Amino acid sequence: MMKRKLALEAKKKKLKNINFFVSTDRLCVRNMPSTFSETDLKQLMSKYGHVVQVKIMRDIKQANSAGIGKSKGYGFVQFSKHEAALAALRATNNNPSTFSSQKRPIVDFSIENSGIMNARAKKGSVSNTDEKTPKVKKSFNLRWKEKREKRKESSAPKKPKLDPESTSNSLH
């Protein structure tokens, strides 16, 4: 119960910053067993919809012989649709049959940093597990900024081109 309260307080604190927003299609899964792999997580979540990306956060300082770090106990799952993410959240959050009755998952929508999302979109470095799926949608802030720039360009008064001959004739 304490983990849930701490997570909620951290979430509220982050959301006070205007650079953070709640993702509509990406889930954060905490309280996972250390033996859980990306494949296991994808298999678990794919029951609820098309999974675009799975990432388990790992400690690289505690890597095994294969070079894979020990799980930090949390990860992220990105779905192609909000409805699939919502179904997965409802089915797995605090469910004792997901991992074990002693280790219930804490699942909620991920808090994203718009600055990092914009940088990734500009670089084009968002990697997906499937080649067929589209890249991550641009954040609201980036879309708004692009629209604002387009409006400025279209509404800017255009300066008439001056003909050098007509200006020299009018001066004489």
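See above for the structure.
Anyway, here's the lowdown on the structure attached to this text. (Residues numbered from 1 in each chain as written. Predicted model: local features only at pLDDT ≥ 70, side-chain atom pairs only at ≥ 80, totals over all residues. Heavy atoms only, no water.)

**What about the overall build of the protein chain?**
Here is step 1 of the chain: The number of helices and strands found in the protein chain is 6 helices and 4 strands.
Here is step 2 of the chain: Secondary structure elements of the protein chain, listed N to C terminal, follow the sequence α-β-α-β-β-α-β-α-α-α.
Here is step 3 of the chain: Sorting the 172 residues of the protein chain into buried and exposed places 29% on the buried side.
Here is step 4 of the chain: Pairs at least 24 apart in sequence give 65% of the contacts found in the protein chain among residues at least 6 apart.
Here is step 5 of the chain: Summed over its atoms, the accessible surface of the protein chain is roughly 12,400 Å², and 55% of this surface lies on carbon and sulfur atoms. (Helix = DSSP H or I, 4+ residues; strand = E, 2+ residues; numbered from the N terminus. Buried < 20%, exposed > 50% of the residue type's maximum accessible area, 1.4 Å probe, protein only. Contact = heavy atoms within 4.5 Å. Areas by Shrake-Rupley, 256 points an atom, 1.4 Å probe, with all protein chains shown as cover.)

**Details of the pairing of strand β1 (residues 20–30)**
Here is step 1 of the chain: Of the strand pairs in this sheet, β1 and strand β4 (residues 106–113) are connected by 7 bridges, and their pairing is antiparallel. Looking at the pairing, Val29 lines up with Val107 of β4.
Here is step 2 of the chain: Across 5 bridges, the pairing between β1 and strand β3 (residues 69–79) is antiparallel. Across the sheet, Arg30 pairs through a bridge with Tyr74, a residue of β3. (Pairing = 2+ DSSP bridges.)

**Let's talk about the nonpolar core**
Here is step 1 of the chain: If you look at the biggest cluster of nonpolar residues, it comprises 19 residues, and the most contacted ones within it are Leu27, Val29, Met32, Leu41, Met45, Val77 and Phe79.
Here is step 2 of the chain: Mapped onto this core, the elements with two or more residues apiece are β1, α2 (38–45), β2 (51–63), β3, α3 (82–92) and β4.
Here is step 3 of the chain: Looking at this core, the element that brings in the most residues is α3, giving 4 residues.
Here is step 4 of the chain: If near-sequence neighbours (up to four positions away) are discounted, Val29 is found in contact with Met45, Gly73, Tyr74, Gly75, Val77, Phe99, Ile106 and Val107. (Core = buried A, V, L, I, M, F, W, Y, C linked by side-chain atoms within 4.5 Å.)

**Thoughts on the pattern of salt bridges**
Here is step 1 of the chain: Taken as a whole and assessed by the stated rule, the structure comprises 3 salt bridges.
Here is step 2 of the chain: Between Glu112 and Arg26 there is a salt bridge, and its shortest N-O distance comes to 3.0 Å. Residue Glu112 is located in strand β4, and its partner Arg26 is located in strand β1; the two are separated by 86 residues in the primary sequence.
Here is step 3 of the chain: Here Asp108 makes a salt bridge to Arg30, at a shortest N to O gap of 3.5 Å. Of this pair, Asp108 sits in strand β4 while Arg30 sits in strand β1, and the two are 78 residues apart along the sequence. (Salt bridge = Lys/Arg side-chain N within 4 Å of Asp/Glu carboxyl O.)

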